[in-house]
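Listed below are the residues making up each chain.
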Amino acid sequence: MEKHTFKRSERLKSKKIIGEIFSNGKVIGAHPIKLFWIEVKDSSAIDQPILQFAFTVSKKKFKKAVDRNRIKRLMRESVRLQKHELIQMDEINKSRFAFMFLYIGEELPEYQNVEQKIKKCIDQFKITI
RNA sequence: AAAACAGGCUGCUCUAUCGUCUUUAUAGCUUUAUGGCUAUGGGGAAGGAAAGUCCGGGCAGCACAUGGCAGCUCGCCUCCUAACGGGAGGAUCACGACAUUUAAUUGGCGGGAUAGAAAGUGUAACAGAAAAUUGUCCUGAGUGUAUCAGGAGUGAAAAAAGCUGAUGGUAACAUUAGUGAUCUACAAACCUCGGGUGCUGAAAGGUCAAAUAAGUUCCGGUGUAAGGUUAGCCAGACCGUUCGGAAUGGGUGGACUGAUACAACUUGCCAGUGAUGGUAAGUGCAGAUAAAUGAUAGGGAAUUACAGAACCCGGCUUAUAGGUCUGUUUUUAUU
RNA sequence: ACUCUGUUCGUCUAAUGGUUUGAGGACGUCUGCCUUUCUAGCAGAAAAAAAGGGUUCGAUUCCCUUACAGAGUA
């Protein structure tokens, strides 16, 4: 059976790449979630995993830290359960990708809703590649 | 027993599967080694407010941060505390709702205020004769003036605060006797007196590796003029100029440390009205770094409130579903 | 994580440093006049101290707490 793990090294940490995602990355929208992604061509970190993810929620829309944590946890959980679909694809394995999930909604979501929207994002990503 | 008010305590739980951070044991891979990665098993994983950042302290750097002024801040008394603007117990004053009384009053409760107005300056609308060196009208004392006593009216306020002694109390102060004729209020107006206070803030600071110019730092000699120093002013301190030697290296992105064992927590006993202190036994209880607690399914009364550690403590303030305890008042029932 | 400002009609703002404050002005809104009608013009009206507590005879102003908005430090 497939293991749905989500290790620390799979999280996107580099400030450089995050900056590049917002300036040059491509966008897939599935309201209330936006996905920024980019193909990473930096060959210096070849031992890194092929996929890296980050999650973010605006402090202006959600003032309470509890709400922001909740949304990030929900998005992280649904990505954890769905990212194996991406790993199985052949095109993905040829290079490395970085993803940034951004929640732009106004209200606290349910888990099922988040799961559907993330799925939509990933399907769109598969098509574009 | 119910309701209202006030205060204290608590702050959902269990099972299964998958997943995150940390610690530890074993095995494998890697490394000169410390260590790192992976797998499996065990232990631990947000709060009463983690919040607001309103105070106090530890810790660190800046001249091993020294004195005065300015500025800021606090201000009844005694005590608690590492410290505080916090807390406990008391004193005085007016206020609030409640009870009581025909009424004046009295009673406990509640939150608040209280250094100095006899050091000086300032302000006190309207009304009123007069708002602080003021004296209207009426009555009485007085021959009369001056003065004294009582009353009227205006207004928030219209003339007894102080001093000396005695008694009680550690004290604030209370009671009482005498003396006393230039005396109100406001200091959350300026101010005076007394106490405290240097500034900055873990994104502080320290160590390591990669890379390298201007430069920077250190040591020794020389030198004390301008000027400079995370510093508002004065003093004091240090730096400086030049020569020689040594070390380091801007930006960028990292790792380790700071960093989780202490004013710690739990229980018992003792002292105290109490805050709190002493003592004995036991416990080890988050430590992340783009930042860890979630998802699914099912139960237990049941869509659980407010809400997420970021260097650490002591308070204050604010938010809060449900449960629970104590006190006061009212109503009802029983004795 | 830390530091600091501000909040006055629908909008932008003023003065008051405690006593005729009935809170002023501009733009906007409404009503009337004018005009064949609209605009412009003239006349008039409505409309505000973030919330709560304290000091005071009296608070928009002084003090405290809370809420909201904004700025700065990497």
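Residues numbered from 1 in each chain as written. Chains lettered and ligands numbered in written order. Predicted model: local features only at pLDDT ≥ 70, side-chain atom pairs only at ≥ 80, totals over all residues. Heavy atoms only, no water.

What to know about the side chain of S78
Following the sequence through the fold, S78 ends up in helix α2 (residues 65-82). On the basis of relative accessible area, S78 is assigned to the buried category, the value being 0%. Setting aside residues no more than four positions away along its own chain, S78 makes contact with Y111, V114, E115 and I118. (Helix = DSSP H or I, 4+ residues; strand = E, 2+ residues; numbered from the N terminus. Buried < 20%, exposed > 50% of the residue type's maximum accessible area, 1.4 Å probe, protein only. Contact = heavy atoms within 4.5 Å.)

What to know about the side chain of D67
Within the fold, D67 resides in helix α2. No salt bridge is formed by the buried D67. Its closest oppositely charged neighbour is K64, at 5.0 Å. Once you skip the residues sitting within four places of it in the chain, D67 turns out to touch F62 and L108. (Lys, Arg positive; Asp, Glu negative; His and termini not counted. Salt bridge = Lys/Arg side-chain N within 4 Å of Asp/Glu carboxyl O.)

Here we look at the packing of α2 against helix α4 (residues 111-128)
One way to put it is that α2 packs onto α4 with a least axis distance of 9 Å and a crossing angle of 50°. Judged by the inter-axis angle, α2 sits oblique to α4. Considering the relative orientation of α2 and α4, their crossing is right-handed. Between α2, through L74, M75, E77, S78, V79, L81 and Q82, and α4, the contact on the second element is made entirely by Y111, V114, E115, I118, K119 and I122. Of the residues belonging to the contact of α2 with α4, the class tally is eight nonpolar, two polar and three charged. (Axes fitted to C-alpha atoms, helices over the stretch in contact; angles between N-to-C directions. Parallel < 35°, antiparallel > 145°, perpendicular 65-115°, else oblique. Left-handed = near helix turned anticlockwise from the far one by under 90°. Nonpolar A, V, L, I, M, F, W, Y, C, P; charged D, E, K, R; others polar.)

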